[in-house]
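Overview (structure and organization)
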Amino acid sequence: MSPDGVDFQHVSPKLATLRLGNALALCGALCGAISGLVLIVDIPALWWLMLVPAAIALFCLGLVPAQVRALRYALADTDFVIRRGVFSRSLTLVPYGRIQYVDIYQGPVLRLLGISTIKLSTASAKTDATLSGVPVADAARLRDVLAERGPLLRRHRSRGLEAASPAHIRPPRRGKCHGCRRCGVPEQRLRDRAHAQR
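Let me begin by describing the structure that accompanies this report. From a predicted model like this one, the values you see are computed outputs, not experimental measurements.

All right, on to the pattern of salt bridges then. Counted by the stated rule, this structure contains one salt bridge. Arg 143 is the partner of Asp 144 in a salt bridge, and the nearest nitrogen-oxygen pair spans 3.7 Å. You can call Asp 144 partly exposed: its relative accessible area is 46%.

The N-to-C vectors of helix α1 (residues 14–41) and helix α2 (residues 51–70) enclose an angle of 170°; their axes lie 9 Å apart at closest approach. As judged from the angle between their axes, α1 and α2 are roughly antiparallel. Contact residues: Leu 15, Ala 16, Arg 19, Leu 20, Ala 23, Leu 24, Cys 27, Leu 30, Cys 31 and Ile 34 in α1; Pro 53, Ile 56, Ala 57, Cys 60, Leu 61, Val 64, Pro 65, Gln 67 and Val 68 in α2. A breakdown of the residues in the contact of α1 with α2 according to their chemical character gives 17 nonpolar, one polar and one charged.

Attention now moves to the sheet that holds strand β5 (residues 99–105). Ordered by their spatial adjacency, three strands build an open sheet running β5-β6-β7, and the pairing between neighbours is antiparallel. Strand pairing shows two members of the sheet lacking a second neighbour, β5 and β7 (129–135), which therefore form its edges. With strand direction ignored, the average angle separating the axes of adjacent strands in the sheet is 20°.

With respect to topology, four strands assemble into an open sheet ordered β1-β2-β3-β4, the strand pairing being antiparallel. The open sheet is flanked by β1 (9–10) and β4 (90–95), the only strands paired with a single partner. As judged from the four bridges shared by strand β2 (residues 72–75) and strand β3 (residues 79–84), these two strands associate in the antiparallel manner. In the strand pairing of β3, Arg 72 is matched with Arg 83.

Applying the stated criterion across every chain, the model contains one aromatic pair. Seen from their ring centres, Tyr 73 and Phe 80 are 6.2 Å apart, and the 35° between their planes marks the pair as tilted. Judged by relative accessible area, Tyr 73 falls into the buried class, the value being 3%. Residue class for Phe 80 comes out buried when judged on its relative accessible area of 1%. Just above the ring of Phe 8 sits the side chain of Arg 83; from NZ or CZ to the centre is 4.6 Å.

Cut-offs and rules
- Residues numbered from 1 in each chain as written.
- Predicted model: local features only at pLDDT ≥ 70, side-chain atom pairs only at ≥ 80, totals over all residues.
- Heavy atoms only, no water.
- Salt bridge = Lys/Arg side-chain N within 4 Å of Asp/Glu carboxyl O.
- Buried < 20%, exposed > 50% of the residue type's maximum accessible area, 1.4 Å probe, protein only.
- Axes fitted to C-alpha atoms, helices over the stretch in contact; angles between N-to-C directions.
- Helix = DSSP H or I, 4+ residues; strand = E, 2+ residues; numbered from the N terminus.
- Parallel < 35°, antiparallel > 145°, perpendicular 65-115°, else oblique.
- Contact = heavy atoms within 4.5 Å.
- Nonpolar A, V, L, I, M, F, W, Y, C, P; charged D, E, K, R; others polar.
- Pairing = 2+ DSSP bridges.
- Phe/Tyr/Trp six-rings, centres within 6.5 Å; stacked < 30°, edge-to-face > 60°.
- Lys NZ or Arg CZ within 6 Å of the ring centre and 35° of its normal.

This is the structure:
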């Protein structure tokens with residue numbers, strides 16, 4: 001379940017450490033609540049309820065690392081792609097031209113682990129996306145690339161150009177694009193279009 005020719009990158013395995021820590025802390029709190037309940041009502045038979053948090057912990061130990069391994073991202077030709085899911089897989093495509101800003105979040109625990117969360121905001125809330133577990137250096141690089149490709153792609157589309165890849169788009173010289181093979185628009189067609197606008 002991925003576009004052809006897209007090279008996906010894994011997020012940091014430290015994200016699994018963070019998620020497992022949260023899950024095991026929740027299971028520990030549940031064990032404490034069950035212990036308090038048994039001591040209060042004085043019903044020893046209720047100790048079997050301890051099997052519930054134990055089963056949840058074992059399930060998380062197998063599921064969480066698999067979820068983190070399945071969480072991947074890629075810079076495609078015209079979209080930022082996020083793939084996630086183990087049992088139920090999903091593929092999120094965020095067009096570069098619709099990205100308004102890129103936010104990098106890093107709380108105390110994320111800072112300690114050396115990872116961050118990237119949030120992409122677009123004109124439509126349906127295409128917003130969040131990617132967790134990205135190393136700090138990679139997050140900064142992604143922010144710079146996405147911030148560069150978005151406006152550049154919108155500028156070429158507003159001129160009626162359809163580029164094969166944003167990486168091949170060159171900034172216009174002196175506010176005009178004279179046409180090139182990479183842009184895919186002949187110079188003569190651009191001249192005709194400019195003449196028609198006059």
